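Now for the letters of each chain:
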Amino acid sequence: MTHATNPPPRISFEGLTVDFGASRAVDHVTLSAVPGEIIGLLGHNGAGKSTVVNVATGAIGWTSGEIRIDGEPIPAGSTPRDIARIGVTVVHQEPALVPNLSILDNLELGRPAHGSRRERAAAAQAALERVGTDLPLDLPVATLSLGERQSVDLARGVLEGEIRVLFLDEPTAALGAEETAALHALIRSFAAAGAVVFYVSHRLPDILDVCTRIAVMNTGRLVMDQPAAGLRVEDLSEALAPGIVRAALVSARRGTLATEIEYGDRHLTAHRGEVVGLFGMAASDQFHLLESLYGLRADESRHRLEGRPYAPSDPSDALRRGVFYVPADRERDGLLSTFSARDNVLFPWYGHLGAAGWITPQTGGDLYERSRELLEVRGPAGDVPVSEFSGGNRQKHLLARWMFPQQPEVLLLAQPTQGVDVGAKVDIVRAIRALAEQGSTVLVASAESDEITSMCDRAYVLYGRRSAELHAGSTLTDEALLDTLLRLAGDSHSDEQNEVHPS
């Protein structure tokens, strides 16, 4: 009588170790996955997860240990192209495509030409269809959205042959809810076809939505490996930052009414000492309201600041009134990458009077170091370019600019913890809460429910002309925010139908 034997894992890491000089980035990691698994790979910046991805896809070598695909070891020294041929594909947060070339040219770039142009185009179109899109092949990549560029990058892997292992690096960091849902459906289809998917992300709700298993790394080691079923965002936060599930929310000592927003039928308020959330769809009204409060956008909303009409003509007018703004895109709209870290915090304030006297390049050193301490900034000294810091620490520098040289009357934050790891998020939330306790009013606009629940005393959910208010505690949860948004969306669509088809 013969017994069936289980097939080998689709991919396995056996004692994987990676050293960079005297620094150990990955420390004897053993992890395997069978066909159909979707593994959320989590960890702080520097935890080792990106190194594992880079090793598995041939970008860098390893020091010791072994990687096997379907039981066969990957030879040391394999190039990314070698590994792509055996079915291992990676899609990075910003796909490596040439913007001024067409989709077809990008799909063929670096690949030997087989068959006629017509045959290659047919294969490329089939690859795009496999990843759920029917984009015309002659479109320039520069005209595509991020989600579409990710699809093209994934189609390149399909053209190499069967995708056996797929690594996704922060795939939803800049995607809206609909694009994220489409990507998750695609991920499930690849897993159903037998692929193993590794999903690297800081967006914990997205991880729990699609992953079947969770692996957490810390200081190069695997510290958690278990099924995703039954886990909550709080559980993952605890695994990533042991002992701190979330920054403790204290009952806000509400002071005087600081700001009011009237927009259509909505009347939104925020008091001194409060952190108030504005939650809605990606790129929606909550962000437009912040821009109007900062003088970047003229719209139909009406504002009052400290009981008086407030309509800033431009950002400098808002600054004079003590209204400061941290944009969502820190690289494009916030930081000056070639400037030093210190100057990125202090340059708007040079020549102004701070708490310790006039702020100048010569006198601002202590103020800069104090801001680093309050936000627990980690990294090199302040005289190096801010681009040399990690993403989370660059975000802390942008926040420090508008939190500490002068205390804001009203601080406007657009997705302040987007794309940062849980440890950096805890530091940022603590600093924001401390600022509110000192009497500032903070408005947080986000499309991420956990960003609102982690720091806000209460929140307004916005959709179209409708809004709803939720208070901290049992009513301000991720589920309640999303359910309320869906309800408002349904109510708005019903209103539109009634306007078109009156009863």
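Draft legend 1. Main features of the pairing of strand E1 (residues 11-20). Of all 10 residues that make up E1, 7 are buried, and the element is covered over most of its length. Where E1 meets strand E4 (residues 64-69), 5 bridges bridge the pair, whose relative direction is antiparallel. Its bridge partner being in E4, threonine 17 is matched across the sheet by serine 64. Strand direction decides the pairing type here: E1 and strand E2 (residues 23-33), joined by 7 bridges, are antiparallel. Counterpart to valine 18 in the pairing with E2 is valine 26. Between E1 and E2, which pair antiparallel in sequence order, lie 2 residues; one of them, glycine 21, sits at a positive phi of approximately 65 degrees.

Draft legend 2. Quick peek at empty space enclosed by the protein. As enumerated under the stated definition, the model contains 2 cavities of 30 Å³ or more in all. The volume enclosed by the second largest cavity comes to roughly 40 Å³. Lining of the second largest cavity is provided by Thr259, Ile261, Leu268, Thr269, Ala270, Val276, Leu278, Leu443 and Tyr460. Looking at the lining of the second largest cavity, the elements with two or more residues in it are strand E11 (257-263), strand E12 (266-271) and strand E13 (275-279). Among the elements that take part in the lining of the second largest cavity, E12 stands out by supplying 3 residues, more than any other.

Draft legend 3. A look at the packing of helix H13 (residues 365-375) against helix H14 (residues 391-403). Two elements in contact, H13 and H14, have axes whose closest approach is 10 Å; the angle formed by their N-to-C orientations is 120 degrees. Here H13 lies oblique to H14, going by the angle between them. Taken as a pair, H13 and H14 cross one another with a handedness that is right-handed. Between H13 and H14, the contacting residues are Tyr368, Ser371 and Leu375 on the first element and Lys396, His397, Leu399 and Ala400 on the second. Looking at side-chain class alone, the contact of H13 with H14 contains 4 nonpolar, 2 polar and 1 charged residues.

Draft legend 4. Looking closely at the side chain of aspartate 450. Tracing the chain through its elements places aspartate 450 in helix H16 (residues 449-455). Of the residues examined, aspartate 450 reaches a relative accessible area of 11% and is grouped as buried. Polar contacts involving the side chain of aspartate 450 include one to the side chain of lysine 425, which spans 3.1 Å. For aspartate 450, the residues in contact, after removing those within four places along its chain, are Pro205, Lys425 and Asp478.

Draft legend 5. Spotlight on unusual backbone geometry. The phi dihedral of threonine 219 falls on the positive side, at around 45 degrees, and the residue is not glycine. Here threonine 219 lies in the loop between strand E9 (213-218) and strand E10 (221-227). By relative accessible area, threonine 219 is classed as exposed at 59%. If you check the backbone angles, glutamine 415 has positive phi at about 45 degrees while not being a glycine. Note that glutamine 415 resides in the loop between strand E19 (410-414) and helix H15 (422-437).

Draft legend 6. Spotlight on the sheet that holds strand E5 (residues 72-73). As summarised here, the arrangement of the 4 strands in space is E2-E1-E4-E5, forming an open sheet in which the pairing is antiparallel. In this open sheet, the two edge strands, each paired with only one partner strand, are E2 and E5.

Draft legend 7. Structural detail: the sheet that holds E11. With antiparallel pairing, 4 strands are arranged side by side in an open sheet as E12-E11-E14-E15. The open sheet has two edge strands, E12 and strand E15 (308-310), and neither has a second partner. Mean inter-strand twist for the sheet, computed between neighbouring axes without regard to direction, equals 25 degrees. Sheet topology places E11 next to E12; 6 bridges connect them, and they run antiparallel. The partner of leucine 257 across the bridge, within E12, is histidine 271. Across the sheet, helix H9 (residues 285-293) lies against E11, E12, strand E14 (302-305) and E15, angled at about 120 degrees from E11, the strand it touches most.

Draft legend 8. Highlighting the nonpolar core. Residues Leu411 and Leu412 are the most contacted members of the largest nonpolar core, which totals 69 residues. When residues in this core are grouped by element, the largest group, 7 residues, is from H15. In contact with leucine 411, other than residues within four places in its own chain, are Phe324, Val326, Trp402, Met403, Leu435, Thr441, Val442 and Leu443. Leu135, Leu159, Ile163 and Val197 belong to the second largest nonpolar core, which has 49 residues in total.

What counts and what doesn't
- Residues numbered from 1 in each chain as written.
- Predicted model: local features only at pLDDT ≥ 70, side-chain atom pairs only at ≥ 80, totals over all residues.
- Heavy atoms only, no water.
- Buried < 20%, exposed > 50% of the residue type's maximum accessible area, 1.4 Å probe, protein only.
- Helix = DSSP H or I, 4+ residues; strand = E, 2+ residues; numbered from the N terminus.
- Pairing = 2+ DSSP bridges.
- 1 Å grid on protein atoms, 1.4 Å probe; cavity = no way out; pocket = protein on both sides within 12 Å on 5 of 7 lines; lining within 4 Å.
- Points joined across faces, edges and corners; volume = space filled by probe spheres on them.
- Axes fitted to C-alpha atoms, helices over the stretch in contact; angles between N-to-C directions.
- Parallel < 35°, antiparallel > 145°, perpendicular 65-115°, else oblique.
- Left-handed = near helix turned anticlockwise from the far one by under 90°.
- Contact = heavy atoms within 4.5 Å.
- Nonpolar A, V, L, I, M, F, W, Y, C, P; charged D, E, K, R; others polar.
- Polar contact = N/O pair within 3.5 Å; in protein donor to acceptor, adjacent residues only side chain to side chain.
- Core = buried A, V, L, I, M, F, W, Y, C linked by side-chain atoms within 4.5 Å.

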